[in-house]
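Examining the three-dimensional arrangement
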Amino acid sequence: MMVLEDLGDPQREATDSEAATAAALLHAAAPPPSLPTLDQNALAALPGKALGHLKRLHAADRWTEGTEDLTGILYALAHAAKKKAVGAQTAPFGWVHSEYHPSSLHIGPRGRHLLDFAHSFTGPGLLDLASWQGLTLRQPPDPARLRGLIDAYIAAGGPRDALARRGGLPPEAWALGWHRVWAIEWFLEQAHRWINDPAKDPGAVKVVRRHLISAADLLEV
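The structure presented is a predicted model; accordingly, all values stated were derived computationally and were not measured.

This part takes up the packing of helix α3 (residues 46-59) against helix α4 (residues 68-84). Running from N to C, α3 and α4 cross one another at 155°; their axes reach a closest spacing of 8 Å. For the element pair α3 / α4, the angle class is roughly antiparallel. The handedness of the crossing between α3 and α4 is left-handed. Between α3, through Pro47, Gly48, Ala50, Leu51, Leu54, Lys55 and His58, and α4, the contact on the second element is made entirely by Leu70, Thr71, Leu74, Tyr75, Leu77, Ala78 and Ala81. Looking at the contact of α3 with α4, its residues break down into 10 nonpolar, three polar and one charged.

Here it is as structure tokens:
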């Protein structure tokens, strides 16, 4: 059985300030015990998992031409991942929405509501703040904007440790880099398991390449 509630059409898009407040409230709540956990070890394992997906695509005679650079970047990320994942469990660590973007925060006549928790997990809350800049990752990373969002998040009640360095990096670079790694692993899994459409491979390769380069740059790999 599914219970639905009609919130009506949103009145406007949520602001960064409202996003910071909603994220602080979510991260302060206890996550459901059934959620998967993305802790330091699980985060460090993501590049290796992405490599596994890429190898399975190669075994299916897909993504085989002109993708040597993808393999090289993933190996570099996997080699550095254990060091770069340090601090993953620094606060905020808890309930992560994981698809946190303006369409997930409904501003309507009945107030503010967070929507779509289908892929939520227990993990680093900074990934939500990184996600706010664009879940589809169409925009280039903007560390300065994310730093401002982190400041607003702390002002709204988020933990001050959100400003702590992680993996030897400023929190904004760490969050944007690992958010891209997380998205790349998910995207590669979809390419061979769920979408499984070779006709879409050329476009998908371009997307993965762009975000792998960004991730390596942000994480200083």
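Here the narrative resumes.
The tally for this structure, following the rule as stated, stands at three aromatic pairs. Considering the side-chain rings of Tyr100 and Trp132, the 5.1 Å spacing of their centres and the 45° angle between planes classify their relative orientation as tilted. Here Tyr100, found in the loop between β1 (93-96) and β2 (105-108), pairs with Trp132, found in the loop between α5 (126-131) and α6 (143-155); they are 32 residues apart in sequence, far enough to count as distant. Here Tyr100 matches Trp132 in class, with each residue buried. The lysine or arginine in question, Arg166, covers the ring of Trp174, its NZ or CZ lying 5.8 Å from the ring centre.

Moving on, we come to helix α7 (residues 171-194). Here α7 contains 24 residues, and its C-alpha end-to-end distance of 33 Å stays within 8% of the 34 Å for a straight helix at 1.5 Å per residue. With respect to burial, α7 is a largely interior element, 20 of its 24 residues being buried. Downstream of α7 by a residue or two, Asn196 has a phi angle that is positive, lying close to 50°.

Here helix α1 (residues 16-28) contains 13 residues, and its C-alpha end-to-end distance of 18 Å stays within 8% of the 18 Å for a straight helix at 1.5 Å per residue. Here α1 has its buried residues at Glu18, Ala19, Ala20, Ala22, Ala23, Ala24, Leu26 and His27. For α1, the elements touching its buried residues are β1, β2, β3 (111-114), α5 and α6.

Parameters and conventions
- Residues numbered from 1 in each chain as written.
- Predicted model: local features only at pLDDT ≥ 70, side-chain atom pairs only at ≥ 80, totals over all residues.
- Heavy atoms only, no water.
- Axes fitted to C-alpha atoms, helices over the stretch in contact; angles between N-to-C directions.
- Helix = DSSP H or I, 4+ residues; strand = E, 2+ residues; numbered from the N terminus.
- Parallel < 35°, antiparallel > 145°, perpendicular 65-115°, else oblique.
- Left-handed = near helix turned anticlockwise from the far one by under 90°.
- Contact = heavy atoms within 4.5 Å.
- Nonpolar A, V, L, I, M, F, W, Y, C, P; charged D, E, K, R; others polar.
- Phe/Tyr/Trp six-rings, centres within 6.5 Å; stacked < 30°, edge-to-face > 60°.
- Buried < 20%, exposed > 50% of the residue type's maximum accessible area, 1.4 Å probe, protein only.
- Lys NZ or Arg CZ within 6 Å of the ring centre and 35° of its normal.
- Expected span 1.5 Å × (residues − 1).

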